[in-house]
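Survey of secondary and tertiary structure
Residues per chain, in single letters:
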Amino acid sequence: MHQYPPVIYELINKLAELPTIGPKTAERIVFMMLKKNHDDIATLGNNLIDLSRKIKRCSECYNFSETNPCHICKNKHRNQSMLCIVSEPQDLVAIERTGHFDGRYFVLNGTISTYHGTKPEDIRIPELVKYIKKNNHITEIILALDPNVEGETTAMYLIKHLSSLNKKISRLAKGLPVGADVEYADEVTLSAALDNRKEIS
Ligand SMILES: [Zn+2]
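Tallied over the full model, the rule gives 4 aromatic pairs. Geometrically, the ring pair formed by Phe 101 and Tyr 105 is edge-to-face, given 5.2 Å between the ring centres and 65° between the ring planes. For the residue pair Phe 101 and Tyr 105, the accessibility class agrees, reading buried in each case. Through a chain of ring-to-ring contacts, three or more aromatic side chains come together here, namely Tyr 62, Phe 106 and Tyr 131. The ring of Phe 64 is capped by Arg 57, whose NZ or CZ atom sits 4.0 Å from the centre of that ring.

Dropping the structure here:
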């Protein structure tokens, strides 16, 4: 790859650092881009610059947003008594897409995983506890975590550690196929899982 001009070589290396993209795919992407016109390449470059400059984490729910607080946390017409806990911002988007939930969210930014060495303090659980204590109008906490080992471990930890806060805790119904992520569940399945959520405590 050293025979490429430095600009091409550097971009291939940068793209190859992204998950699921190896050096071969990165090479293919760069050469596909070179076949596009200059405006398209410049737009893509500007989109990436905007991504790094304009997108920030909402300081309330930790969703990605151009504003802080985000449009969901800012919206006082949403149901302030329900809090849905998700592991990633994409899960929040999937639930919003169903139009079946009008409460608020909290994004953990991961799940507890003994395999990956992710501990509760690595995924904003201390911030979550603080958030729930601060917002005492919350009456129900819905755990919308993926039906896999990490999602299960995180749910068990949360149920144990949030029970002292005296809130109703529920989980998405078992409608999601095992191993399927909340993010990829279709809207009908996800809506049904929300409607039929199971109360834990
Ligand atoms: Zn927010």
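Once the structure has been displayed, the description carries forward.
Before going further, it helps to spend a moment on the domain arrangement of the chain. By domain assignment, the chain separates into domain 1 (6-54) and domain 2 (64-199). Between the C-alpha centres of domain 1 and domain 2 there is a distance of 33 Å.

About the criteria used
- Residues numbered from 1 in each chain as written.
- Predicted model: local features only at pLDDT ≥ 70, side-chain atom pairs only at ≥ 80, totals over all residues.
- Heavy atoms only, no water.
- Phe/Tyr/Trp six-rings, centres within 6.5 Å; stacked < 30°, edge-to-face > 60°.
- Buried < 20%, exposed > 50% of the residue type's maximum accessible area, 1.4 Å probe, protein only.
- Lys NZ or Arg CZ within 6 Å of the ring centre and 35° of its normal.
- Domains from an automatic or database assignment.

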